[in-house]
Amino acid sequence: MPADPAVTGHLHAQGPAPTGDVQLQLTDVHHSVRSRGSTVEILRGVELTARAGQVTALLGPNGAGKTTTLMVAQGLERPTSGTVRLLDQDPWRAGADLRSRVGVMLQDGGMPLAATPERLLRHVCTLYRDPVDMPRLMERLGIDEFARRDIRRLSGGQRQRVSLAAALAGRPQVIFLDEPSAGLDPVSRQLVFELIRELRASGMAIILTTHLLDDAQRLADHVVLLRQGRVVRRGTVSELTSTSEAPALHFRVDRAVPSVALDEVPAGLTVQAEPGHSSAGGGTPTGSSYVVHGAQRPSDLEALAAWWTRHDLMPTDLHLARRSLEDVFLEVTP
Amino acid sequence: MSGVESSLQPARAAHAQPLVRRVLSQGGYETWTALKNGEQLLVSIILPLLALFGTVWTGLLDTPTTRGIDLAAPGVLALAVLSSAFTGQGIATAFERRYGVLAYLSTTPLGPAGLLLGKALSVLTLLTVQVTVIGGVGLALGWRPDLAGISWAALFLICGAATFTALGLLIAGTTKPEATLALTNLLWVLLGALGGAVFPVPDVGIWSALAAFLPSAALGDGLRAALLDGTLDGPALLILLGWAILATLAAVRWFRWR
């Protein structure tokens, strides 16, 4: 995938791995677990590549296998079959050297509740010869505000930031973040996203899971959409959301469009209630949303305006948009 | 975007500290956690001390030939081993397992082996603190151990710590934290009182014959032989070593990290 040449040049000068180097490769990974006497196949042939200087986002509905994919990639689970190469090594047999180059933030944090962030993070840094400037990182993430409180007394978002800092203690080349934005307030989320962008620019390979499509849209260079243990779509956000069709036109009116009006939409256009909104004509508390397909020329907009005039419909919201990641997500989610 | 902060640049190469440094660090961290945990301090130091005071002040163990404190102090040291190695470490590990702490630490350069060695080091450090405090109080109360048996006593303390750490981890790594909490506390009382740790196994029929094979009885008998008579209780040492090996193998086989 092409990266911004300016950023790439900067990285070649400083970073340990040129942008684009493959840091993680999963090939035909299957993973089954035994549950109540029967075998459940969680991963069914996952293929995944993550590169230096890029954010790779695993997306998918609950139970799609995102966390299991990470665990297999981290060496916490041994796949039933298939190969995993993390920095050209098998993570299941990882020694301390490989682990010093990989940072992990688990979904539930994995932080000891009886410790304070300060003591824990200081301890984690002692495991590395050349750790991160932890006081500075704690300040950046706002951890210094609650550094001396027991972790058990921290909110979910605060714990989340502590486990991010712990994952970064060894200045890893590859970092795994399982739901990094879960529980974060908007300000912390912004802090974390800025940090992730900076880490990407420094040449780190970042692999994260999320079910917030907005996260992926804002952060990801590469999106891998999982469903039922399989990769169903992959590509850049723009690859996944672009279509050969003209962009869709979305509009909202404060009452439902009468069915008689829907029967006489201008030729060449289709008007549908917005998918993903509630059933009755795309009705929401603030009006009804519709999507118009087929508008390709200015005259199509003119025809649409005439149709609104005829039926006395005044849009309260109106925009042209490419397919969103949400559309792609809904397409592959049954 | 502003420039990349230099301290966040990925390290150029592997840079894990050597194993010894990692284990020392983990041991120090675990010891600090245990010492600042009020409940664990209660179980590790206060309750054994209460047992010591109780036996001395009630004169329960006094016999015409032996002073009660000389019999009680070795038993209380055995109880202290159960407290820190079995109950304390078991409960702490069980909750660390539930909250993903074990999984997280095993992804750091510490790794599973370093984590276990760090825990072992922490148990030995705590044990040193316990022996110092409990032994010191015992001496102040008039305990006069047989100095000839000090090295045997140390051997039994270390074997006992290994055995009960392995048993504690075995329970922590196979059951829910709540079950570990209940089981290790219950066994602490039972093994302490009836299992030959604090007192010699009560002479009630077949129980005394069976209980001699318990690790608690082996540890208690070994410490009493060493500190009361200055001798080595060979059979007790063999029983304790057997338990150490079995419990370690079982923990390695069945312990689950998550």
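Rules used in this analysis
- Sequence positions are assigned chain by chain, starting from 1 and proceeding in written order.
- Chain letters start at A and ligand numbers start at 1, both assigned in the order the entries are written.
- At least 70 in pLDDT is required for a residue's local features to be given in this predicted model, at least 80 for side-chain atom pairs to be given and counted, and no such filter applies to totals for whole chains, interfaces and linings, which use all residues.
- UniProt positions are given in the numbering used here, feature names are shortened, and annotations may be inferred rather than shown by experiment.
- Only strands joined by at least two bridges in the DSSP assignment are considered to pair.
- Secondary structure elements follow DSSP: runs of H or I no shorter than four residues count as helices, runs of E no shorter than two count as strands, and numbering proceeds from the N terminus.
- Axes here refer to lines fitted to C-alpha atoms; in helices the fit is confined to the stretch in contact. Angles between the N-to-C directions go from 0 to 180 degrees.
- An angle below 35 degrees is treated as roughly parallel, one above 145 as roughly antiparallel, one from 65 to 115 as roughly perpendicular, and anything else as oblique.
- Here is the rule for handedness: rotate from the far helix to the near one, and if that takes an anticlockwise turn smaller than a right angle the crossing is left-handed, while a clockwise turn gives right-handed.
- Here the contact rule is simple: place C-beta atoms from the backbone, and any two residues whose C-beta atoms are within 7 Å are in contact.
- Residue polarity is assigned by list, with Asp, Glu, Lys and Arg as charged and Ala, Val, Leu, Ile, Met, Phe, Trp, Tyr, Cys and Pro as nonpolar; anything else, Gly included, falls into the polar class.

In the nomenclature of an unreviewed UniProt entry, chain B is known as ABC-2 type transport system permease protein of Micrococcus terreus. Quoted verbatim from the Subcellular location (unreviewed entry) field of UniProt, the annotation for chain B is "Membrane".

In the nomenclature of an unreviewed UniProt entry, chain A is known as ABC-2 type transport system ATP-binding protein of Micrococcus terreus.

*Asks:* Run through the sheet that holds strand S5 (residues 102-105) of chain A, naming residues and quoting values.
*Replies:* Residues and elements named next belong to chain A. Strand order across the open sheet formed by 6 strands is S5-S6-S7-S3-S8-S9, with mixed pairing between neighbours. The outermost strands of the open sheet, each flanked by one partner alone, are S5 and strand S9 (230-235). Put simply, the sheet's adjacent strands are angled 15° from each other on average, direction ignored. Sheet analysis places strand S8 (residues 222-227) next to S9, joined by 5 bridges and oriented antiparallel. Opposite Leu225, over in S9, you have Arg233 as the bridge partner.

*Asks:* Give me the lowdown on the packing of helix H3 (residues 68-98) of chain B against helix H9 (residues 215-229) of chain B, citing residues and values where you can.
*Replies:* All names here are of chain B. Where H3 meets H9, the axes come as close as 9 Å, and the angle between the chain directions of the two elements is 140°. Here H3 is positioned oblique relative to H9, judged by the angle of their axes. Judged by the twist between their axes, the crossing of H3 over H9 is right-handed. In contact with Asp70, Leu71, Ala73, Pro74, Gly75, Leu77, Ala78, Val81 and Leu82 of H3, H9 contributes Ser216, Leu219, Gly220, Leu223, Arg224, Leu227 and Leu228. Partitioned by chemical class, the residues of the contact of H3 with H9 number 11 nonpolar, 3 polar and 2 charged.

*Asks:* Go over the UniProt feature "transmembrane region" (unreviewed entry) in chain B, please, and point to the residues and values.
*Replies:* All names here are of chain B. The UniProt record marks residues 41-60, 72-95, 116-143, 149-172, 179-199 and 235-255 with the feature "transmembrane region" (unreviewed entry), using the residue numbering of this structure. In residues 41-60, the share of helix is 90% and the share of strand is 0%. The end C-alpha atoms are 26 Å apart. In this annotation, residues 72-95 is assigned 100% helix and 0% strand; the end-to-end C-alpha distance for the span is 33 Å.

*Asks:* Explain unusual backbone geometry residue by residue, including any values.
*Replies:* Residues and elements named next belong to chain A. Even without being glycine, Asp28 reaches a positive phi, approximately 50°. Mapped onto the elements of the fold, Asp28 is located in strand S1 (residues 22-35). In this structure, Asp312 is a non-glycine residue whose phi angle is positive, near 55°. If you trace the backbone, Asp312 turns up in the loop between helix H11 (298-310) and strand S14 (317-321).

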